[in-house]
Amino acid sequence: MDWRTGDHYTGREFERDIFGTFRITPAYQRALREAKEKAAREGRSVVPYHIAERLVTEHYGGDPTNSDRPFAKDLRIEVCDALGLESETELDRVKIYSAVGTPLDLHGIDALVRYDDGRLVVDVTLDATLDPHKFVYKADFIISEIAAPEEADFESQVDGWAEKVGTLLKQRLKQAPPRGKAKWNKDHWEFVRGPAA
């Protein structure tokens, strides 16, 4: 069975195949319950974006620098190359977080590619879909087709996505304020106190 077009292959399976599964921890479950309760008290049907993002990055059960999914793993490596990062410390600045099945997924985000150098935090958001005609989306990029890892086109597709993600990260970093800790917030920079993430 072709991993992308099998008879019962779903969009959720595609998301998990390329980004991996968000591993739920007890700390995440507690934080999620609290976030949902607060959202309900405020009359919201979903957890707000900034809290959903924080749930994913602060309670990630895997290693965001070493995904177990070939696409996410290779994408991170190629994004690091596109940014010219070489040392171990520099490479650790780029992380990929799967948000599949989390409240962030309800905001149309299946994965975050995050650059964090301790002063600046920049995200590029990704959405995976099997619908090649999906034109309305909330993520920075929509990925609707990726070759299976063993296919010849896989590497060139990863390289193409890494170039797009790397270019957008560079553009956002060029717009960064010259001093102070700051975080990219969807479409603008915000100064932050404490850790930038």
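Okay, so let's go over this structure.

The rules we used
Residues numbered from 1 in each chain as written. Predicted model: local features only at pLDDT ≥ 70, side-chain atom pairs only at ≥ 80, totals over all residues. Heavy atoms only, no water. Helix = DSSP H or I, 4+ residues; strand = E, 2+ residues; numbered from the N terminus. Rg over C-alpha atoms; globule rule 2.2 N^0.38 Å. Buried < 20%, exposed > 50% of the residue type's maximum accessible area, 1.4 Å probe, protein only. Contact = heavy atoms within 4.5 Å. Areas by Shrake-Rupley, 256 points an atom, 1.4 Å probe, with all protein chains shown as cover. Lys, Arg positive; Asp, Glu negative; His and termini not counted. Charge placed at Lys NZ, Arg CZ, Asp CG, Glu CD. Patch = residues over 30% accessible without salt bridge, like charges linked within 9 Å, V, L, I, M, F, W, Y side chains within 5 Å. Salt bridge = Lys/Arg side-chain N within 4 Å of Asp/Glu carboxyl O. Core = buried A, V, L, I, M, F, W, Y, C linked by side-chain atoms within 4.5 Å. Expected span 1.5 Å × (residues − 1). Arc of directions from axis to C-beta.

Our focus in this paragraph is the overall build of the protein. Helix and strand counts for the protein stand at seven helices and six strands. Along the protein, helices and strands appear, N-terminal first, in the series α-α-α-α-α-β-α-β-β-β-α-β-β. A compact globule built from 197 residues would reach a C-alpha radius of gyration of about 16 Å, and the protein, at 17 Å, matches this within 12%. Structurally, the protein occupies a C-alpha span of about 50 × 40 × 30 Å along its principal axes. For the protein, buried positions account for 45% of its 197 residues. Nonlocal contacts in the protein, meaning residues at least 24 apart in sequence, comprise 57% of its contacts between residues at least 6 apart. Only carbon and sulfur atoms are counted for the fraction: they give 48% of the accessible area of the protein, which is about 10700 Å². Within the protein, one finds 29 positive and 36 negative side-chain charges whose respective centroids are separated by 10 Å.

Residues Asp81, Glu86, Glu155, Asp159 and Glu163 make up a contiguous surface patch of negative charge. For the negative patch, the element with the most residues is helix α7 (residues 153-174), which contributes three residues. Topologically, Glu155 is positioned in helix α7. Among the residues examined, Glu155 registers a relative accessible area of 58% and is labelled exposed.

For the rest of this paragraph, the subject is the pattern of salt bridges. Using the criterion set out here, one finds eleven salt bridges in the structure. The salt bridge involving Glu42 is made with Lys38; its shortest N-O contact spans 3.8 Å. Look at Lys38 and you get partly exposed, because its relative accessible area is 39%. A salt bridge links Lys183 to Glu53, with the nearest nitrogen and oxygen atoms 2.6 Å apart. Note that Lys183 is positioned in strand β5 (residues 182-185) and Glu53 in helix α3 (residues 49-58), a separation of 130 residues in sequence. Using a relative accessible area of 6% as the deciding quantity, one classes Glu53 as buried. Here the residues in one salt-bridge network are Glu53, Arg114, Asp123 and Lys183, joined through shared partners.

What follows concerns the nonpolar core. Counting residues in hydrophobic clusters, the biggest one holds 36 residues, and the most contacted among them are Phe71, Leu75, Val113, Leu126 and Leu169. Of all the elements in the fold, those that place two or more residues in this core are α1 (11-19), α4 (70-82), β1 (94-98), β2 (111-116), β3 (120-128), β4 (141-143), α7 and β5. When residues in this core are grouped by element, the largest group, seven residues, is from α7. If sequence neighbours within four positions are ignored, Leu126 has contacts with Phe19, Leu75, Gly108, Ile109, Asp110, Ala111, Val113, Ala139, Phe141, Ile143 and Val165.

With that settled, the discussion passes to α7. With 22 residues, α7 ought to run about 32 Å at 1.5 Å a step, and its terminal C-alpha atoms sit 32 Å apart, in line with that. Buried residues of α7: Phe154, Val158, Trp161, Ala162, Val165, Gly166, Leu168, Leu169 and Arg172, and no others. The buried residues of α7 occupy one face: seen down the axis, they fall within an arc of 165°. Across from the buried face of α7, at angles greater than 90 degrees, the exposed residues are Glu163 and Lys174. On its buried face, α7 sits against α4, β2, β3, β4, β5 and β6 (188-191).

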